[in-house]
Amino acid sequence: MRTADVVVIGGGIHGCSTALHLALRGLKPILVEKDYAGRHASGVNAGGVRQLARHLAEIPLSISSMEIWEHIQELVGDDCGFTSHGTVLVAESEAELASFKARVDDLRLRGFTHEELIDRAELKRLVPAVSDHCPGGVVSRRDGAADPFRATQAFRRRAVEKGAEVIEGVMVTGLKRLGEIWRVETSDGPIEAPKVVNAAGAWADRIAALLGEPVPLHVIAPMLMVTSRLPAFIQPVVILRGRKLSFKQLENGTVVIGGGHLATPYRDRNATVLDWTKLAASAETVWELFPAMRAATIVRAWAGIEARMPDDIPVIGRSGTSEGVYHQFGFSAHGFQLGPGTGAMMAELVATGSTNVPIDGLEIDRFRTKI
Amino acid sequence: MTEASELAASYELVVIGGGPAGLAAATLAAQAGVQTVLFDENPGIGGQIYRGITSTPVRDRAVLGDDYWAGGALADEARTSGALIVNGATVWTLDPTLTVGVSIAGKARLIQAKRVIVATGSLERPFPIPGWTLPGVMTAGAAQTALKAQGLVPAGRTVMAGSGPLLWLLAAQLIRAGAKIEALLDTTPRLNWLRALPFTPDFMISPLWSKGLKLLREVKAKMLVIPVGSVEAVGSDKLSEVVFDGRRVPADLLLLHQGVVPNVNLAIAAGAEHRWNSRQLCFEPVLDRDFNSSVPGIAVAGDGAGIAGGPAAAERGRIAAIAAVRALKPSASVPDPQTARNALQREESGRAFLDVAYRPADAFRRPTGETIACRCEEVTAKQVRDNADLGCEGPNQMKAFLRCGMGPCQGRLCGLTITELIADQRHTTPAEVGYYRLRPPVKPITLAELASLPISEAERKAVER
């Protein structure tokens, strides 16, 4: 019988980060992953490391995460492909720019200064290739991008080096309370531990259901596509608000185009079916925003399976029904940047019973009456 | 010439690929009254084996041989069958909902099919030797394409190297067309012939036996054939010489070939289950006796279902088409599939012998050191082996670490090499290691082509926030 201090369910960047931070606190975590670390959303997302345009409830976590990203090499022994050229939210009309200004002003009143309104000239300076119809935007200058699979693997590797055990290809099938201990049944035998962290992504509702704690989780599969290599022409990550688009050029010259158009997910088969009419709409948006991209070649499109909550913010914190169980899922297509900081916060919460990073409004209890 | 805008939104049967399997399938289905479209990315039908069958400038029928010209009947039948044949049409996606994405002259369309027959044939097995990416090194298949389509024959000092029936066929065709070949370096391991002995009786009653013998005699009479254990292409900015077993020969062109393997990209991307074929050393789709894949409505016919050659491909196409017609139009009259099954069995009877006799040597499939494994991203064999040692268990993780298979060819030129290298290094089997998960578009399309997909205003609104 395996025993541990904490069983972490799910080997995405969140589970791996939490396992690493638990190990750094001297605890013995066992991470159980049904496929392999980074197989789904954590390994195949667009790689944006973004504080820009986040929900208020997430901003403290996002800022704490950013500080870790900026020293990621020291934490995991790998730079994770992290580069910092900012994220730019481009306004496509004066009306849109006015709404962006209201948001930035509101953030200032609340003490957050990472979002900065920019005019047409500064937008052209940051993103020379952008189409002339755009009057300005918002920049978060410390934002950037990283290599998602490499980052997730780096967290996994460092967690193991620091004493975590990572079991891959093994599925959690049951959770039973035995006195002060949780007995986690898996396809490879039981594990016993006093604490459990549910970081199971698109499958996290099934873990919650085992605890009698149903949540309205939607399985989604945001689509991405990538071009062949192009000469360097853009440094920051570019996102839009009115139309769905995220856009960035990697160091190798390829351009990753995303923005949240959804494929049809089949989570029991680890499969997705792409929706090309939506990708065509993406292509049309890029066509209009970056005329230089028109002859670019699309070499691959894909989608990663993940969880989305009805209010588009994650579930983080203690279980509402089960002592010793913690939730960390439902990142709703923007969880990659939050991984390092949320793992640190979760390890603190699990190890000490409290955390300095505010997570108000993210607890699972918010869904209790709504179901 | 059919344009993208002339296509219907849906067809009962979509056939992908205009080689013998696709032509035979489309012909049979259309004749049975099924609304059929055949998409083929080449300018004319025929596939690789009958490439240029309606247009080749090669007039001397002896050059390409009777087996080539036999494709003419298939092409004629298809053209009068009632099937819509669209050339210059690149299919870039097929999914389990039977949505087919196709581009014609820079314009893309999504077509809904009720049944699909994938007849995308084979491609040449990667031949990763030192220097294989140098200008002046090409595949024998590419040389054959140039001969059939344009009537081009290599000039300059030409060396052929490799193994397999197609290499011998091309050697004979090039000689007949007047090319001068310095040498044919035969990389077939000599022990293969012993291993193939048990399969000899079947081979001797198959049509391949006498054809093969004639071909070997013809080539050996006119060309220097040297059995070799190593081949290397050498040159600074282009090929200057070929080195084998410590000997060197100056050369301007090196033609490489070590057999063909199923072109699995479209079928894998569509979600069809595949398995390792340990005799043919390749992945092939898992199919039932009517060539239906694990994805309902998608069949795979021809060499894409496992290598068996052109005449077998046509029979497989007929069998798959009969199954498709029966599913779509149960009342339609179709031929008895047993006739095609019997013909197929005759064609396949000698295959095991050829597979074993021409099994490429391990050294030519599993390179070492600085030899390039992935051409698009310039990943070396050593990098792949080192990462396998570090714990990288499969091609999909390898992709993430080294970018191998992530270039425009989508793994066509490295997939098998990467799988075999990982298996070799981790002391396991290619079946255990598996293959790349392949993502559409399986053929690159431009942003402009994608943006040309017709989108209704309702769909446009649905994707805005």
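Residues numbered from 1 in each chain as written. Chains lettered and ligands numbered in written order. Predicted model: local features only at pLDDT ≥ 70, side-chain atom pairs only at ≥ 80, totals over all residues.

### Brief notes about the overall build of chain A
Okay, so step 1: What chain A contains, in helices and strands, is 10 helices and 23 strands.
Okay, so step 2: Taken over C-alpha atoms, the radius of gyration comes to 20 Å for chain A, in line with the 21 Å a tight globule of 371 residues would show.
Okay, so step 3: Judged by the C-alpha coordinates and their principal axes, chain A covers about 65 × 45 × 45 Å.
Okay, so step 4: Within chain A, buried positions represent 55% of all 371 residues. (Helix = DSSP H or I, 4+ residues; strand = E, 2+ residues; numbered from the N terminus. Rg over C-alpha atoms; globule rule 2.2 N^0.38 Å. Buried ≥ 20, exposed ≤ 12 C-beta atoms within 10 Å, placed from the backbone.)

### A few points about the sheet that holds strand β11 (residues 181–186) of chain A
Residues and elements named next belong to chain A.
Okay, so step 1: On the basis of which strands lie adjacent, the open sheet formed by 4 strands has the order β1-β12-β11-β10 and mixed pairing. Only two strands of the sheet have a single partner each, and these edge strands are β1 (2–3) and β10 (172–178).
Okay, so step 2: Here β11 runs beside strand β12 (residues 191–193); their pairing, made up of 3 bridges, is antiparallel. Each residue of the ladder has a partner; that of R183, found in β12, is E192. (Pairing = 2+ DSSP bridges.)

### Observations concerning the pairing of strand β18 (residues 282–285) of chain B
Residues and elements named next belong to chain B.
Okay, so step 1: Here β18 shows a buried face lined by C282 and E284 and a second buried face lined by F283 and P285.
Okay, so step 2: Bridge count for strand β17 (residues 274–277) against β18 is 4 bridges, and the pairing is antiparallel. For N277, the partnering residue across the bridge sits in β18 and is C282.
Okay, so step 3: In this antiparallel pair of consecutive strands, β17 and β18, the connection spans 4 residues, and L281 shows a positive phi of 55 degrees.

### A closer look at the interface of chain B and chain A
Okay, so step 1: Taken together, the contact pairs 26 residues of chain B with 31 residues of chain A.
Okay, so step 2: Within the residue set of the side of chain B that touches chain A, elements represented by two or more residues are β22 (445–446), α19 (447–451) and α20 (457–462) of chain B.
Okay, so step 3: Here the side of chain B that touches chain A gets 4 residues from one element, more than from any other, and that element is α19 of chain B.
Okay, so step 4: Its residues placed into classes, the side of chain B that touches chain A shows 15 nonpolar, 5 polar and 6 charged. (Contact = placed C-beta atoms within 7 Å. Nonpolar A, V, L, I, M, F, W, Y, C, P; charged D, E, K, R; others polar.)

### A short note on the sheet that holds strand β9 (residues 158–163) of chain B
Residue and element names in this part refer to chain B.
Okay, so step 1: Spatial strand order, β8-β15-β9-β10-β11: 5 strands in an open sheet with parallel pairing. Strands at the two margins of the open sheet, each flanked by one partner only, are β8 (137–139) and β11 (225–227). Neighbouring strand axes in the sheet, compared pairwise and without regard to direction, differ in orientation by 25 degrees on average.
Okay, so step 2: One ladder, built from 3 bridges, connects strand β10 (residues 181–186) with β11; its direction is parallel. (Axes fitted to C-alpha atoms, helices over the stretch in contact; angles between N-to-C directions.)

### Digging into the domain arrangement of chain A
All names here are of chain A.
Okay, so step 1: By the assigned domains, chain A splits into domain 1 (2–76 + 148–215 + 311–367) and domain 2 (87–143 + 218–308).
Okay, so step 2: Taking only C-alpha atoms, the centre of domain 1 and the centre of domain 2 are 27 Å apart.
Okay, so step 3: Contact residues are listed per partner, giving 24 residues for domain 1 and 27 residues for domain 2.
Okay, so step 4: Taken together, the elements giving at least two residues each to the side of domain 1 that touches domain 2 come down to α2 (41–44), β4 (48–49) and α3 (59–69).
Okay, so step 5: In the side of domain 1 that touches domain 2, the residues fall into 14 nonpolar, 7 polar and 3 charged. (Domains from an automatic or database assignment.)

### Comments concerning the domain arrangement of chain B
All names here are of chain B.
Okay, so step 1: When its domains are assigned, chain B resolves into domain 1 (4–123 + 261–334), domain 2 (126–258) and domain 3 (366–433).
Okay, so step 2: Computed from C-alpha atoms alone, the centre-to-centre distance between domain 1 and domain 3 is 30 Å.
Okay, so step 3: Taken together, the contacts link 6 residues of domain 1 with 5 residues of domain 3.
Okay, so step 4: For the side of domain 1 that touches domain 3, the residue count by class is 4 nonpolar, 1 polar and 1 charged.

### Quick notes on the packing of helix α1 (residues 20–31) of chain B against helix α4 (residues 71–79) of chain B
Residue and element names in this part refer to chain B.
Okay, so step 1: Two elements in contact, α1 and α4, have axes separated by 9 Å at closest approach and are oriented at 40 degrees. Two packed elements cross with a definite hand, and for α1 against α4 that hand is left-handed. Across the interface between the two elements, P20, L23, A24, A26 and T27 of α1 pack against G71, L74, A75, E77 and A78 of α4.
Okay, so step 2: Split into classes, the residues belonging to the contact of α1 with α4 amount to 7 nonpolar, 2 polar and 1 charged. (Left-handed = near helix turned anticlockwise from the far one by under 90°.)

### Overview of the pairing of strand β3 (residues 29–33) of chain A
Residues and elements named next belong to chain A.
Okay, so step 1: Burial analysis of β3 places 5 of its 5 residues in the buried class, which makes it a mostly covered element.
Okay, so step 2: Residue alternation in β3 divides its side chains into two sets, P29, L31 and E33 and I30 and V32, and both sets are buried.
Okay, so step 3: With respect to chirality, the unit in which strand β2 (residues 6–9) leads through helix α1 (residues 13–24) into the neighbouring parallel β3 is right-handed.
Okay, so step 4: Both β3 and strand β9 (residues 165–168) contribute to a ladder of 4 bridges, which runs parallel. By the bridge assignment for β9, E33 is matched with E168. (Right-handed = clockwise from strand over helix to strand, strands pointing away.)

### Looking at the nonpolar core
Okay, so step 1: Counting 265 residues, the largest nonpolar core has V7 of chain A together with A25 and I117 of chain B as the members making the most contacts within it.
Okay, so step 2: With 10 residues, the single largest contributor to this core is helix α11 (residues 310–328) of chain B.
Okay, so step 3: In terms of nonpolar packing, the next biggest core, distinct from the first, is built from 5 residues, F353, L354, A357 and Y358 of chain B among them. (Core = buried A, V, L, I, M, F, W, Y, C linked by C-beta atoms within 7 Å.)

### Re the environment of C80 of chain A
Okay, so step 1: With respect to the helices and strands, the residue C80 of chain A is situated in the loop between α4 (72–76) and β5 (87–91).
Okay, so step 2: What C80 of chain A contacts, discounting residues up to four positions off in sequence, is I72, A146, D147, R150, A151 and A154 of chain A.

### Examining unusual backbone geometry
Okay, so step 1: Residues P440 of chain B and P441 of chain B are joined by a peptide bond in cis, for which omega reads -5 degrees.
Okay, so step 2: Within the secondary structure layout, P441 of chain B lies in the loop between α18 (430–433) and β22.
Okay, so step 3: In this model, S332 of chain A sits at a positive phi of 55 degrees, which is unusual for a non-glycine residue.
Okay, so step 4: Here S332 of chain A shows up in the loop between β23 (325–329) and α10 (339–352).
Okay, so step 5: C-beta crowding within 10 Å serves as the criterion here: with 23 such atoms nearby, S332 of chain A is assigned to the buried category.

### Quick look at the packing of α1 of chain A against helix α7 (residues 148–161) of chain A
All names here are of chain A.
Okay, so step 1: Taken N-terminus to C-terminus, the directions of α1 and α7 make an angle of 30 degrees; their axes are 8 Å apart at the nearest point. In terms of orientation, α1 lies roughly parallel with respect to α7. You can see that α1 and α7 cross each other, and the crossing is left-handed. The residues of α7 that touch α1, namely those facing I13, C16, S17, A19, L20 and A23, are A151, T152, F155, R156, R158 and A159.
Okay, so step 2: Among the residues making up the contact of α1 with α7, the classes are represented as 8 nonpolar, 2 polar and 2 charged. (Parallel < 35°, antiparallel > 145°, perpendicular 65-115°, else oblique.)

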